[in-house]
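What the coordinates show
Residues per chain, in single letters:
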Amino acid sequence: MSRQADRDVNHALRARFDDVVSQYQRLRTGLDDIQERLSKLAVTEESADGTVRATVGARGQLIDLRLSREIYRRGDPDELARTILRTVERAVARTGDQVQEMVGEYLPPDSAAAGFMRDGNFGNLLARQDRIMREAGDDDAR
C-alpha cells in the first residue's frame, strides 16, 4: 500500500513538474515575440474636445503629444494642463491593459507575475515565497 501511495505522489509531482516546465518553455519561446510586440506598441488617446492627442509607449512613456490650434484660443493654461493629463492618463491605462493582455497570453492567470501585471502590487510577487517561508518555519517549530 505504501509503495502505491509513493508512486501516486511521484506521479502527481512529475505531472506538476511537467506542467511547470511546459509553462516555462512556452513563456521562454514567446519572450522574443513579446519583446517585439512591446517595442512596437503605441497607444493614442484624444481628448473629448479633440484638442489634445497623446501617444504613449509600452512602459507608459509619453512619445508624442499633439495640440490643435484651437487650444491656443482658449487661453486657460490650467484647463489645458488638466486636459493633457486626463488624455495621457487614459492612454497609459489603455497601454497597461494591452501590455497585460499580451503578457497574459504567456503567463498562467493565477501566477504572481500575472497578478502584478493586473494590480501593480509588488507584494503579490513575494506573497507565494512569504507563504512558503512561513510554512517552512511552522514545520521547523513542530
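Please read these numbers as outputs of a predicted model, since none were measured by experiment.

**Details of the domain arrangement of the chain**
Interfaces are frequently sized by the accessible area removed from exposure as the parts join. Per the domain assignment, the segments making up the chain are domain 1 (1–40) and domain 2 (41–140). Taken over C-alpha atoms, the centre of domain 1 sits 29 Å from the centre of domain 2. Across the boundary between the two partners, domain 1 contributes 10 residues, which contact 10 residues of domain 2. Summing both sides of the interface, domain 1 and domain 2 together bury roughly 960 Å²; the carbon and sulfur share of this comes to 58%. Among the residues domain 1 hides against domain 2, the three largest losses belong to Arg26, Arg37 and Leu38. Together they make up 52% of the total. Counting every contact that joins domain 1 to domain 2 gives zero salt bridges. Between domain 1 and domain 2 we count three residue pairs in polar contact (both at pLDDT 80 or more) in total. The residue makeup of the side of domain 1 that touches domain 2, split by class, is three nonpolar, three polar and four charged.

Cut-offs used in this document
- Residues numbered from 1 in each chain as written.
- Predicted model: local features only at pLDDT ≥ 70, side-chain atom pairs only at ≥ 80, totals over all residues.
- Heavy atoms only, no water.
- Domains from an automatic or database assignment.
- Contact = heavy atoms within 4.5 Å.
- Buried area = accessible area lost by both parts, 1.4 Å probe.
- Salt bridge = Lys/Arg side-chain N within 4 Å of Asp/Glu carboxyl O.
- Polar contact = N/O pair within 3.5 Å; in protein donor to acceptor, adjacent residues only side chain to side chain.
- Nonpolar A, V, L, I, M, F, W, Y, C, P; charged D, E, K, R; others polar.

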